[in-house]
Amino acid sequence: MDWQAVGLTIRLAAATTAVLALIAVPLAAWLAFTRRRWSVVVEGVVALPLVLPPTVLGFYLLVGMGSRSPIGRWWESLTGGPLVFTFTGLLVASVLYSLPFAVQPLVASFAGVDPRLREASAALGRTSAATLARVVVPLSKPGLATAAVLTFAHTVGEFGVVLMVGGNIAGETRTVSISIYDSVQALDYTAAGTTSATLLGFSLIVLLLTYSLQRRGGPGWPRA
Amino acid sequence: MAASLSVSLRHRILDLDLTLDLERAPVTVLFGPSGSGKTTLLRCLAGLDRPADARITFGGEVWDGPGRHLPARRRRIGYLFQEHALFPHLDVAANVGYGLVGMRRRDRPAAIEEALDRAGAGHLRDQPTRTLSGGEAQRVALARALAPQPQLLLLDEPLSALDAPTRARLRGQLRSWLVAAGVPAILVTHDRAEAMATGDRIAVMVDGEVRQVGAPAEVFSFPSDQLVADAVDMETVVPGVVLGTEQGLVGVDVSGTLVRAIAPTDPPDPGSDVLVCIRAEEVALQAVADHPRDSPRNHLVGHVRSVTPEGPLVRVLLDVGFPLQAFVTRPTRDDLGLAAGLPVVAAVKAPAVHLVPRTPA
């Protein structure tokens, strides 16, 4: 077992879930409640990682965050180091890659909150942000749990994007799935088998957890 | 505060102009059949709907106008939803305190207490919302709407979600709560009893228009046109032709029967087409043998077509040359032995006969 990879993977998944909680909640609220027609475009872009091969997404992220891109250069001028092939770069990629898994259950969940409760909140003098925090989010707990579990699990399982953007640097970007690939390449089937079995067990537990949450009334398996 | 509401609105089915002096008549009822646009109008007033073509001013404040839409949260209104819309994840006190934006935290409990007491719901303070009965939820919703001291209260069929006995009980209390709150209110309903028990003034809506505004008794007994007569469920509406006016009474020929009404200040010309409207509760039934012939009453001789018990009263359909409906009490039905085919005399005072202009078909 590559415990270093396990630790890194959990750290990455936790950080991705935390960052997405900040981004996905307002984004999902906007998508669920806006009347603007072009929100369809945003919805489509958010859903892209569901259908795009991870290598394609990874390629664009590699180019977009590389030392020659404006973002890459800005980052280097800010921190002195590159963005690609680092944990931070991997985190940015993970956040984008897992965005639909966080946003879609939240949109479904938010849209399921009785619109009159939001109107009652507005009539009582509260802003949309306050309504989101005080009414919509508290009434969407199953959706929030689904989103968190899916994001975490999806990040744990990602491979293509990690390989493209992160590479294979022990303790920095080598996640569990890269470690398995590495072991197989080195013909170390015992190590690959142990790690794979662990990941299989983990995924199964996560799915059981998610489905039991959904059965308790939480909507939100991603709509591809 | 000079509270007057001025509305000029074209939105979905709505096409109306309305000005209400909320000082002289604090409780206004929007009355009309379902689909007439009452709730849509209320939502526009609240700022929950954003009409494209509207001018709404309250007091000196423009709520909607060209390029302007004041959002609901800044209108300082209280809104009561049909199904109460209490926040299910908050207890009663938190619901009532929800709108106390900007009030100091330590002042809130007292404000919550006061609002609950005024709505007769002080004992419910610490209950979770889910355990409330319909009537209790209604009181809490009222307390929640009133707690932030709104300048206008909007109520959308506030009693319709309640069971019949609770509705009957709250119907009597609602008006006293609204008056005690000292906040002008606009209430939407299609229930005549609720409208009469609650409103200082009724605005009758039909097909997105306000057709008549007036005191409850006036609107329900003296509709201004046929659409309003239908909307207020006038029991007898029959076409007639004006014969002439003498001694302050207009004579109308209704299918060969003479009906007399009090002449309006501007009496209709002989030969003009009218609709004769008579409320069923204004019709008294007498046995044929003992009817006197005093003048301001119409004595319409005919027979009973059907007798139908309806709640506390009995609805009697008569044929007096034209179909006429009457409400009588059960003792009256038994005394007269009312049954289909029985000859009777229907007495209707001339002031209870209301004439509405009719455009011939």
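The rules behind each value
Residues numbered from 1 in each chain as written. Chains lettered and ligands numbered in written order. Predicted model: local features only at pLDDT ≥ 70, side-chain atom pairs only at ≥ 80, totals over all residues. Heavy atoms only, no water. Helix = DSSP H or I, 4+ residues; strand = E, 2+ residues; numbered from the N terminus. Expected span 1.5 Å × (residues − 1). Bend = angle between axes of the 7 residues up to and from the residue. Domains from an automatic or database assignment. Buried area = accessible area lost by both parts, 1.4 Å probe. Salt bridge = Lys/Arg side-chain N within 4 Å of Asp/Glu carboxyl O. Polar contact = N/O pair within 3.5 Å; in protein donor to acceptor, adjacent residues only side chain to side chain. Buried < 20%, exposed > 50% of the residue type's maximum accessible area, 1.4 Å probe, protein only. Contact = heavy atoms within 4.5 Å. Nonpolar A, V, L, I, M, F, W, Y, C, P; charged D, E, K, R; others polar. pLDDT = per-residue confidence, 0-100. 1 Å grid on protein atoms, 1.4 Å probe; cavity = no way out; pocket = protein on both sides within 12 Å on 5 of 7 lines; lining within 4 Å. Points joined across faces, edges and corners; volume = space filled by probe spheres on them. Arc of directions from axis to C-beta.

## Things to note about helix 1 (residues 3–33) of chain A
With 31 residues, helix 1 of chain A extends 44 Å between its outermost C-alpha atoms, agreeing within 8% with the 45 Å of an ideal straight helix rising 1.5 Å per residue. Where helix 1 of chain A bends most, at Ala 21 of chain A, the angle is about 35 degrees.

## A look at the domain arrangement of chain B
Residues and elements named next belong to chain B. Domains assigned within chain B are domain 1 (4–230) and domain 2 (235–357). In this structure, domain 1 and domain 2 have C-alpha centres spaced 38 Å apart. Carbon and sulfur atoms make up 53% of the area that domain 1 and domain 2 hide from each other, which totals about 730 Å². Broken down residue by residue, the surface that domain 1 buries against domain 2 is led by Arg 192, Phe 222 and Gln 226, which jointly contribute 49%. Inspection of the domain 1/domain 2 interface yields 2 salt bridges. The salt bridge partner of Glu 235 is Arg 192, with a shortest N-O separation of 3.8 Å. Inspection of the region where domain 1 meets domain 2 yields 3 residue pairs in polar contact (both at pLDDT 80 or more). Elements with a minimum of two residues in the side of domain 1 that touches domain 2: helix 7 (216–221) and helix 8 (226–231).

## Here's the deal with the pattern of salt bridges
This model, assessed by the stated rule, comprises 23 salt bridges over all chains. Across the salt bridge formed by Arg 43 of chain B and Glu 119 of chain A, the nearest N and O atoms sit 2.7 Å from each other. Here Arg 43 of chain B is found in helix 1 (residues 38–46), whereas its partner Glu 119 of chain A is found in helix 6 (residues 115–123) on a different chain. An identical accessibility class is assigned to Arg 43 of chain B and Glu 119 of chain A; each is buried. Linking Asp 53 of chain B and Arg 10 of chain B is a salt bridge whose minimum nitrogen-to-oxygen distance equals 3.6 Å. Taken together, the positions of Asp 53 of chain B in strand 4 (residues 53–58) and Arg 10 of chain B in strand 1 (residues 4–11) put the pair 43 residues apart, joining distant regions of the chain. With a relative accessible area of 41%, Asp 53 of chain B lands in the partly exposed category. Classification of Arg 10 of chain B by relative accessible area gives partly exposed; the value is 30%. Each of Arg 10, Asp 15, Asp 17 and Asp 53 of chain B takes part in a single network of salt bridges with overlapping partners.

## Let's talk about the interface of chain A and chain B
With 18 residues of chain A at the contact, the number on the chain B side is 19 residues. Contact between chain A and chain B buries roughly 1700 Å² in total, counting both sides, with carbon and sulfur atoms accounting for 65%. Between the two partners, chain A and chain B, sit 1 salt bridge. Our enumeration of links across chain A and chain B arrives at 5 residue pairs in polar contact (both at pLDDT 80 or more). The set of elements that each furnish at least two residues to the side of chain A that touches chain B consists of helix 6 and helix 7 (128–136) of chain A. Sort the elements by how many residues they give to the side of chain A that touches chain B and helix 6 of chain A lands first, with 7 residues. A breakdown of the residues in the side of chain A that touches chain B according to their chemical character gives 9 nonpolar, 4 polar and 5 charged.

## Considerations on the confidence of the model for chain B
With 97% of its residues at a pLDDT of 70 or more, chain B has an overall mean of 92. Per the prediction output, this complex has pTM 0.87; the corresponding ipTM is 0.89.

## Let's talk about empty space enclosed by the protein
The tally for this structure, following the rule as stated, stands at 2 cavities of 30 Å³ or more. By volume, the largest cavity amounts to about 60 Å³. Only helix 6 of chain A together with strand 7 (77–80) and helix 4 (134–146) of chain B provide two or more residues apiece to the lining of the largest cavity. Grouping the amino acids of the lining of the largest cavity by side-chain chemistry returns 7 nonpolar, 1 polar and 1 charged.

## Re helix 3 (residues 54–65) of chain A
Residue and element names in this part refer to chain A. Here helix 3 spans 16 Å end to end across 12 residues, near enough to the 16 Å set by a 1.5 Å rise per residue. Within the span of helix 3, buried status applies to Leu 57, Gly 58, Leu 61 and Met 65. Each buried residue of helix 3 sits inside an arc of 100 degrees when the element is viewed along its axis, so together they form one side. On its buried side, helix 3 packs onto helix 2 (39–51), helix 4 (70–79), helix 5 (87–111) and helix 9 (160–165).

## Re unusual backbone geometry
All names here are of chain B. Backbone geometry at Asp 207 places phi at a positive 50 degrees, although glycine is not the residue there. Exposure remark for Asp 207: the relative accessible area of 59% places this residue in the exposed category. For Gln 247, which is not glycine, the phi torsion reads 50 degrees and is therefore positive. Considering the arrangement of structural elements, one finds Gln 247 in the loop between strand 12 (236–246) and strand 13 (249–254).

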